[in-house]
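# Close look at the chain arrangement
Spelled out from the first residue to the last, the chains are:
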Amino acid sequence: MVRVEDMVFEIVEDSLIVMKGVRMNNMYYLIGSSVTGRELATSVDSTRLRHLELSHSSIDLEMGAQTYNLKSSEHFDVSKKTPPDDPIKCVSGLVDCTVTNSYGAFSDQATCRASAAVYPTSENELINIVASATKANRKMKVATRYGHSRPNLVCLKGNDGLLISTKSLNKVISVNKTSMTMTFQSGILLRDLIDEAAKVGMALPYGPYWWGVTLGGMLGTGAHGSSIWGKGGAVHENVVGLRIITPAEAREGYAKVRVLDEGHPDLDAAKVHLGVLGVISQVSLDFMFP
Ligand SMILES: Cc1cc2nc3c(=O)[nH]c(=O)nc-3n(C[C@H](O)[C@H](O)[C@H](O)COP(=O)(O)OP(=O)(O)OC[C@H]3O[C@@H](n4cnc5c(N)ncnc54)[C@H](O)[C@@H]3O)c2cc1C
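Report follows, based on the coordinates. The shown structure was predicted, so the numbers you read here are calculated from the model rather than taken from an experiment.

## A closer look at the overall build of the protein chain
Summing up its helical and strand segments, the protein chain has 4 helices and 21 strands in all. Burial status across the protein chain gives 33% buried among its 290 residues. Restricting to contacts in the protein chain with at least 6 residues of sequence separation, those with at least 24 account for 52%.

## A look at the nonpolar core
One finds Val99, Val130, Leu163, Val279 and Val283 to be the most contacted residues of the largest nonpolar core, which totals 44 residues. When residues are assigned to domains, this core turns out to be shared by domain 2 (88-165) and domain 3 (172-286), each giving three or more. The residues touching Val130, leaving out its near neighbours within four places in the chain, are Met140, Ile245, Pro247, Ala255 and Val279.

## Some thoughts on the site of the ligand
Around the ligand, the surrounding shell holds 29 residues, and the nearest of these are Ser149, Gly216, Gly217, Gly220 and Gly275. Taken together, the elements giving at least two residues each to the shell around the ligand come down to β15 (140-143), α3 (215-221) and β21 (279-286). It is α3 that contributes the most residues to the shell around the ligand, 5 residues altogether. When the residues that make up the shell around the ligand are grouped by side-chain class, the tally is 14 nonpolar, 14 polar and 1 charged.

## Describing the sheet that holds strand β19 (residues 239-247)
On the basis of which strands lie adjacent, the open sheet formed by 5 strands has the order β17-β18-β21-β19-β20 and antiparallel pairing. For this open sheet the edge positions go to β17 (172-176) and β20 (255-261), each flanked by a neighbour on one side alone. Taking each pair of neighbouring strands and ignoring which way they run, the sheet shows an average axis angle of 10°. Direction of pairing for β19 relative to β20: antiparallel, over a ladder of 7 bridges. Bridge pairing in β20 links Pro247 to Ala255. Across the sheet, helix α1 (residues 123-135) touches β19, β20 and β21, and the angle it forms with β19 is around 35°.

## Describing the pairing of strand β13 (residues 95-99)
Of the strand pairs in this sheet, strand β12 (residues 88-92) and β13 are connected by 4 bridges, and their pairing is antiparallel. The partner of Ser92 across the bridge, within β13, is Val95. Linking β12 to β13, which pair antiparallel, is a turn of 2 residues; within it Gly93 sits at a positive phi near 55°.

What counts as what
- Residues numbered from 1 in each chain as written.
- Predicted model: local features only at pLDDT ≥ 70, side-chain atom pairs only at ≥ 80, totals over all residues.
- Helix = DSSP H or I, 4+ residues; strand = E, 2+ residues; numbered from the N terminus.
- Buried ≥ 20, exposed ≤ 12 C-beta atoms within 10 Å, placed from the backbone.
- Contact = placed C-beta atoms within 7 Å.
- Core = buried A, V, L, I, M, F, W, Y, C linked by C-beta atoms within 7 Å.
- Domains from an automatic or database assignment.
- Near = placed C-beta within 6 Å.
- Nonpolar A, V, L, I, M, F, W, Y, C, P; charged D, E, K, R; others polar.
- Pairing = 2+ DSSP bridges.
- Axes fitted to C-alpha atoms, helices over the stretch in contact; angles between N-to-C directions.

Below you can see the structure in the form of structure tokens.
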């Protein structure tokens, strides 16, 4: 239930908000100046309901740092707008795990199991993980922060494999303003990648419209925006370097780093990797000025 008094929206029961706005110059402005409720207490002076679709069937509510998409119906439950959980769930600690995607089920409804999960934070940790798993003849797959693919690409054959999550591999490694390139750990979210690039005056020409995907996941599936201008709309068109950790012979320490720079004959083949060419540790992208 919502009480509206003196231009204040107050949620007095549950978390349902009835939005009322006026439209001016294709922009909706919230009538009222603050919204409060069990899950939310915020002042929303001049909150804008951004007009999204020409059909007027959908609008965005920009509230602080977050944007909520609303259908033109006026019902909106703020309490449900939380990010999906980690797709990896373990029975105890980091052993005896299952993995799913952000929808909670793969397209074939399979439950995928692994005997353990690891969360490396650096390339060195990644190398050690791949080396010990290779030595133990263990299968490995890479999972991401949310796991947005519907197909079960991340599933391992059998129940005794190892899931390597890139959740904590989410940092900027280097920035080169002269060549307009940046290098990232592969688990960085598209949202953070865009923000970090913007801080140094750079921008990706295109990307998927959903920013909860990771750099490694986008490359793995050939994720793209919607234009063929310039190099085209796919994120992998902007890749100028990859560092991939793969299993190796015992004499090489059971793991090695494969560095594919621009011009390397394997770079094009490795960009859209489907998660089967090793663990992508770092990715270098070229950017443009916004
Ligand atoms: C709401 C929504 C909107 C979308 N919009 C678009 C869109 O506009 N355009 C588009 O093209 N796609 C779109 N997609 C699809 C999305 O781009 C793909 O599902 C993307 O691959 C998901 O990325 P992820 O980081 O969640 O990767 P995941 O789904 O977790 O992983 C994908 C594959 O890559 C592998 N992988 C991930 N990281 C690594 C790594 N570091 N090393 C090795 N293997 C790795 C995984 O093992 C898996 O095989 C959308 C998806 C959603 C849910």
